[in-house]
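Chains, contacts and geometry: an overview
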Amino acid sequence: MSRKRTAALVGNPNSGKSALFNALTGARQKIANYPGVTVERKAGRLTLPSGEPVELIDLPGSYSFDAASPDEEVTRKVVHGEFEGEPLPEVIVLVLDAANLEQHLVFAQEVLELGRPTVVALNMVDLAERDGLTLDPAALSEALGVPVVPTVAVRRKGLADLSAAIAEAESHADEEAHKRWHLTLPERRLSAKHIARAAILSKSTRHTIENGIDRVLLNPWIGPVILLGLLFVIFQAVFAWATPFADALEAGVGAISGLVTDTLPPGFARDFLTEGVLAGVGSVVVFLPQIVILFFFILVMEASGYMARAAFLMDRLMAGVGLSGKSFIPLLSSFACAIPGIMATRSIPDPKDRLTTILIAPMMTCSARLPVYAVIIAAVIPQTSVGPGIGLQGLVLFALYIAGILGAMVVALVLRKTVTSGAASGFIMELPRYQLPRIKDLAIGLWQRAWVFLRRAGTIIFTVTIVLWLMLSFPKAQEGESQMDASVAGRIADGLHPVLEPIGFNREMSLALVPAMAAREVAVSALATTYAVDAEDEDLAASGVTDKIAALWSLPTALAFLAWFVFAPQCISTIAVARRETNGWKWPAFMVGYLFALAYVFAGLTFWIATALGL
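These lines cover the structure that appears in this document, whether it is placed above or below.

Here's the deal with the packing of helix H20 (residues 439-473) against helix H22 (residues 488-500)
Direction vectors running N to C along H20 and H22 enclose 95°, while the axes themselves pass 5 Å from each other. By the angle class used here, H20 and H22 are roughly perpendicular. Residue-level inspection shows Leu468, Met471 and Leu472 of H20 in contact with H22, the latter providing Val488, Ala489 and Ile492. Tallied by class, the residues present in the contact of H20 with H22 amount to six nonpolar, no polar and no charged.

Shown next as structure tokens:
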């Protein structure tokens, strides 16, 4: 049996390492956790020119082997062969940003001093040339003592040459001496002094336009206003742009439901399809356009280089609550989903900073909340304009997102003064160059996120909705008794309702919170299924969940439900990941407790104040 060959990608963050990994492996990566350590790594299959497979490992970005964070510690251990159960990589593929050689060569020297077969991928050479740099890979190779291959990962340039270089390095991996691949340590240190002169032949004025843009976007006064304005535009677009598509999807679901009703005779099968599948799952699927639009803006911000600048802008606000700008990226990731957001805290060096960020990440308004917000806002907030290009519905959605952010900052301040007390750590960040997002990359990114949403709708949401439908449908109601009262689900609602009634929740809302623990958007399908099963008015029964809520809920009740979802930790997966990242149940239990307490208090305050104002 032939031995398993391995190669590891290492390099600074923002060197294009992950893009190179995906290009080399065809994105055929598998995700696995190191045993006993809360850090992920990606591994994929690289096929060499000879046809021989090599496992390529994409290790977390690092600035030094003197690890300052959990992800850097994993990189150090794997590269040094100190990680239990992980073989020592036979070849190291060192990824350098061609436009930031001076900075990236600091870590490169540490890698080269290991004296291991190494290949340098001089990545993003197109951007370096755009910035006025003329590079000589041969001169850099001579200076470093290892092969240097110019690449442009996102355009798949240089991949064949890089694979060939890895194959040649693999063929020498078993040799005791690697003189062909490395200079002696004194020679290498001497050559490093001449790297800039040897590798860079000419350099013109760089980043003139970008520096001018940054003077505006990173201005401590103007920059935050621009960021806030951009977020405002995003949430206006989520409603304004998505409405025609969402209406079309809702009409399609309604048409299918009508067809099923006309085709099948009354009975279990028809009720299962109309009340369970179409009313429940369909009520969530119709919000796919809002999800796609939200992620479109997030992907554009990431690809253009603005996202890192937003983190820089937020550093001052973060410092005010005892955190640093390093916490901003995980929190921003939590707008998509708290799970990768919590996992992204591994890059935060300070343990208390990291713990605080984990504890407040669920307060960021994830995409799973968007269907809940959208259906309630559409039901009770008029579709009116409050100014030029400013819709009231988009304004309310924007306010909910801001409420989550401000709530998280207040909680962070309290935590940093009490259970996670400590001084804020420093924040150093390399700002990526501005780029025009590639249409293909945006399309792939949107498809992936749309597929994740639809897959959840077809698995988690479908399963939970059908279970709820069965619990709502049995036992059957007797004459003069509503189905809700007779069902198993109705009895569960009766048990919860006394606790939630003081904050304005009705029985249907109380019941919806239980399945929503599987995934927040299940609250929408749960409400839709409940009203579909229990509706007595035929016209109302045929309407969508938005119309049902508009007819049956008061405004204070609806606002209380929105306030609940700003804070409540309605996601078991997030709790499980928090447990994994903190290596115990202590902090996840604390997180769940304080979030439910905040949800109850603020939902109650919202209901009581709205009622007192006569809304």
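Continuing now.
As for the packing of aromatic side chains
In total, this model carries 21 aromatic pairs according to the counting rule given. For the pair Tyr373 and Tyr401, a centre-to-centre distance of 6.4 Å together with 75° between the ring planes defines the contact as edge-to-face. With Tyr373 in helix H18 (residues 369-380) and Tyr401 in helix H19 (residues 392-417), this pair connects stretches of sequence that are 28 residues apart. As far as the burial class goes, Tyr373 and Tyr401 line up, both buried. A network of ring pairs unites the aromatic residues Phe232, Phe235, Phe335, Tyr373, Phe398 and Tyr401 as a single cluster.

Some points on the environment of Arg309
Within the secondary structure, Arg309 is located in helix H14 (residues 306-320). Expressed as a C-alpha distance, the spacing of Arg309 and Glu430, which sit 121 residues apart in the sequence, is 9.5 Å. Discounting residues that sit within four places of it in the chain, Arg309 has contacts with Asp214, Leu218, Leu431, Pro432 and Tyr434. At 2.7 Å, the side chain of Arg309 and the side chain of Asp214 are in polar contact.

Notes on helix H26 (residues 545-552)
Buried residues of H26: Val545, Thr546, Lys548 and Ile549, and no others. For H26, the buried positions fall inside an angular range of 160° around the axis, keeping them on one side.

Here we look at unusual backbone geometry
Pro475 follows Phe474 through a cis peptide bond whose omega is -10°. Structurally, Pro475 is set in the loop between H20 and helix H21 (483-486). The residue Asn14 is not glycine, and still its phi comes out positive at about 65°. Positionally, Asn14 belongs in the loop between strand S1 (6-11) and helix H1 (17-25). Positive phi values are uncommon outside glycine, yet Arg156 reaches one of about 60°. Residue placement: Arg156 occurs in the loop between strand S8 (148-151) and helix H6 (159-171). The class of Arg156 is exposed, set by a relative accessible area of 52%.

So, how was this worked out
- Each chain carries its own residue numbering, running from 1 in the direction its sequence is written.
- Predicted model: local features are reported for residues with pLDDT of at least 70 only, side-chain atom pairs are reported and counted for 80 or more only, and whole-chain, interface and lining totals are derived from all residues.
- Only heavy atoms go into the side-chain values, all of them from the structure, while hydrogens and water stay out.
- Axis geometry follows a simple rule: fit a line to the C-alpha atoms, using only the stretch in contact for helices, then measure angles between N-to-C directions, giving values from 0 to 180 degrees.
- Per the convention used, a helix needs a DSSP run of H or I reaching at least four residues, while a strand needs a run of E reaching at least two, with both numbered from the N terminus.
- Should an angle fall under 35 degrees it is taken as roughly parallel, and over 145 as roughly antiparallel, whereas 65 to 115 is taken as roughly perpendicular and any remaining angle as oblique.
- Throughout, a residue-residue contact means that at least one pair of heavy atoms, one from each residue, lies within 4.5 Å.
- The nonpolar class holds Ala, Val, Leu, Ile, Met, Phe, Trp, Tyr, Cys and Pro. Asp, Glu, Lys and Arg form the charged class, and all remaining residues, Gly among them, are polar.
- Note on aromatic pairs: the rings of Phe, Tyr and Trp (six-membered ring only in Trp) are paired at centre separations within 6.5 Å, and the planes decide the class, stacked below 30 degrees, edge-to-face beyond 60, tilted for the rest.
- Three exposure classes are used, based on accessible area relative to the maximum for each residue type with a 1.4 Å probe and protein chains only: buried under 20%, partly exposed in between, and exposed over 50%.
- Counting of polar contacts relies on pairs of N or O atoms within 3.5 Å, with two restrictions inside protein: one atom must be capable of donating a hydrogen and the other of accepting it, and residues adjacent in sequence are counted only when both atoms are side-chain atoms.
- What the arc covers is the set of directions going from the helix axis to the C-beta atoms.

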